[in-house]
Amino acid sequence: MTLVKMKDILQAAEENNYGVGAFSVANMEMVIAAIRTAEEHRSPLILQIAEVRLGPSPLHLIGPMMIEAAKKASVPVAVHFDHGETEEKIKEALEIGFTSVMYDGSLLSLEENIVETKKIVKLAESYGATVEAEIGRVGGSEDGTVDIEIAITSVEEAKRFATETGIDALAIAIGNAHGVYKGKPNLRFDLLDEINQEVEIPLVLHGGSGISQDDFRTAIVHGIRKINVATSTFNNVVKCVNEDAPFTDYFTFHERLIQAAAENVKVHMEMFQSTGRI
Ligand code: 13P
């Protein structure tokens, strides 16, 4: 067990038809919550933080903590750098020991995205790390500052992108969006199915918060192996802490924060059917 490559976690999920949650963390309590839940429920885990979130959680502080927590876990844990935007930060994450990085070139043209992604694939190769990249554009934005319009993934582009870049996992846009969904998410499973038939590598679904169990299960049947969850963890923590406030001491607050994050991780692991796999 311990710190593993994301590629290995996704391969086991592929062989046994389940999904693995990639849970975004912002502090030590969330790291503890995710690891504790994975251990209790015998689930593989992907711990992640996005480049845009490094303001409140600096990489040189949270990164080594994520790595150390993963190394000591009794289940396989991959540590992933989500939505990497700059080669500089991606390299910093790899130096710290992240076993997986995402390069997000979704705002670039297909040609430019291929060129830039290939650079990251080459860089990550020297660290033995897994690479995820995105084709099409997931809606919303990781930190909610901009409302990026969804650009649905084209099957042809997905196939070409995966083949030419040599990435290990492909994030696609099939109606999914970051943050809180404005209405009921309308995922294009027909398109997902087509992409899955044409693309050999595991597929990634961003914008996990707010998707129903039925939709997760259908997505998994059609090839989704990694599912990103951020907003619902952050929101659950705020909600539970608000409900229990005022706290009489810091350490009760600390434990409540862990419990609240853990509750959300557990619910999602069950929906993804990754519990009991280890
Ligand atoms: P949510 O915040 O919608 O769960 O999305 C998380 C995500 O996709 C991170 O990359």
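Details of the structure are given in the entry above.
Being a predicted model, the structure only gives us computed values, none of them experimental.

Undergrad: Would you mind going over the pattern of salt bridges with me for this structure?
TA: Pairs can form between side chains of opposite charge whenever their charged atoms are close. Enumeration over the complete set of coordinates arrives at 18 salt bridges. Between Asp 147 and Lys 182 there is a salt bridge, with the nearest N and O atoms lying 2.8 Å from each other. Placement of the pair is Asp 147 in the loop between β6 (130-135) and α6 (155-165) and Lys 182 in the loop between β7 (169-172) and α7 (189-198), with a sequence separation of 35 residues. For Lys 182, a relative accessible area of 74% translates into the label exposed. The network of salt bridges with shared partners includes Glu 68, Lys 71 and Lys 72.

Undergrad: What exactly am I supposed to notice about the site of the ligand here?
TA: In the vicinity of the ligand lie 15 residues, with Asp 82, Glu 142, Gly 207, Ser 209 and Thr 231 positioned nearest. For the ligand, an oxygen atom lies 3.0 Å from a polar atom in the side chain of Asn 228. Here the ligand, which alone exposes 310 Å², has 100% of that area covered by the protein. Judged by the fraction of its atoms near the pocket grid, the ligand is located in the largest cavity.

Undergrad: Would you mind going over the side chain of Thr 231 with me for this structure?
TA: Along the chain, the position of Thr 231 falls in helix α9 (residues 231-244). With residues near it in sequence (within four places) discarded, Thr 231 still touches Gly 179, Val 180 and Ser 209.

Undergrad: So what exactly am I meant to see when it comes to the nonpolar core here?
TA: Proteins that are soluble and globular tend to have nonpolar side chains buried together. Within the largest apolar cluster, 78 residues are counted, with the highest numbers of intra-cluster contacts made by Leu 45, Leu 47, Met 66, Phe 98, Leu 170 and Ile 195. With 9 residues, helix α10 (residues 250-272) is the single largest residue contributor to this core. With near-sequence residues (within four places) excluded, Leu 45 lies in contact with Ile 9, Val 20, Gly 21, Phe 23, Ala 34, Ile 35, Ala 38, Pro 76, Val 77, Ala 78 and Met 269. Residues Leu 10, Ala 78, Ala 169 and Val 204 belong to the second largest nonpolar core, which totals 14 residues.

Undergrad: When you look at unusual backbone geometry in this model, what are you seeing that I'm missing?
TA: Only a minority of non-glycine residues have a phi that is not negative, and only a minority of peptide bonds are not trans. A cis amide bond links Ala 245 with the next residue in sequence, Pro 246, at an omega value of 0 degrees. Tracing the chain through its elements places Pro 246 in the loop between α9 and α10. Of note, the phi angle at Arg 42 is positive, near 50 degrees, even though the residue is not glycine. With respect to the helices, strands and loops of the structure, Arg 42 is situated in the loop between α2 (28-40) and β3 (45-50). In the Ramachandran plot, Gln 273 falls in the positive-phi region, its phi being about 60 degrees despite a non-glycine side chain.

About the criteria used
- Residues numbered from 1 in each chain as written.
- Predicted model: local features only at pLDDT ≥ 70, side-chain atom pairs only at ≥ 80, totals over all residues.
- Heavy atoms only, no water.
- Salt bridge = Lys/Arg side-chain N within 4 Å of Asp/Glu carboxyl O.
- Helix = DSSP H or I, 4+ residues; strand = E, 2+ residues; numbered from the N terminus.
- Buried < 20%, exposed > 50% of the residue type's maximum accessible area, 1.4 Å probe, protein only.
- Near = heavy atom within 4 Å.
- Polar contact = N/O pair within 3.5 Å; in protein donor to acceptor, adjacent residues only side chain to side chain.
- Areas by Shrake-Rupley, 256 points an atom, 1.4 Å probe, with all protein chains shown as cover.
- 1 Å grid on protein atoms, 1.4 Å probe; cavity = no way out; pocket = protein on both sides within 12 Å on 5 of 7 lines; lining within 4 Å.
- Sits in = over half its atoms within 2 Å of the grid points.
- Contact = heavy atoms within 4.5 Å.
- Core = buried A, V, L, I, M, F, W, Y, C linked by side-chain atoms within 4.5 Å.

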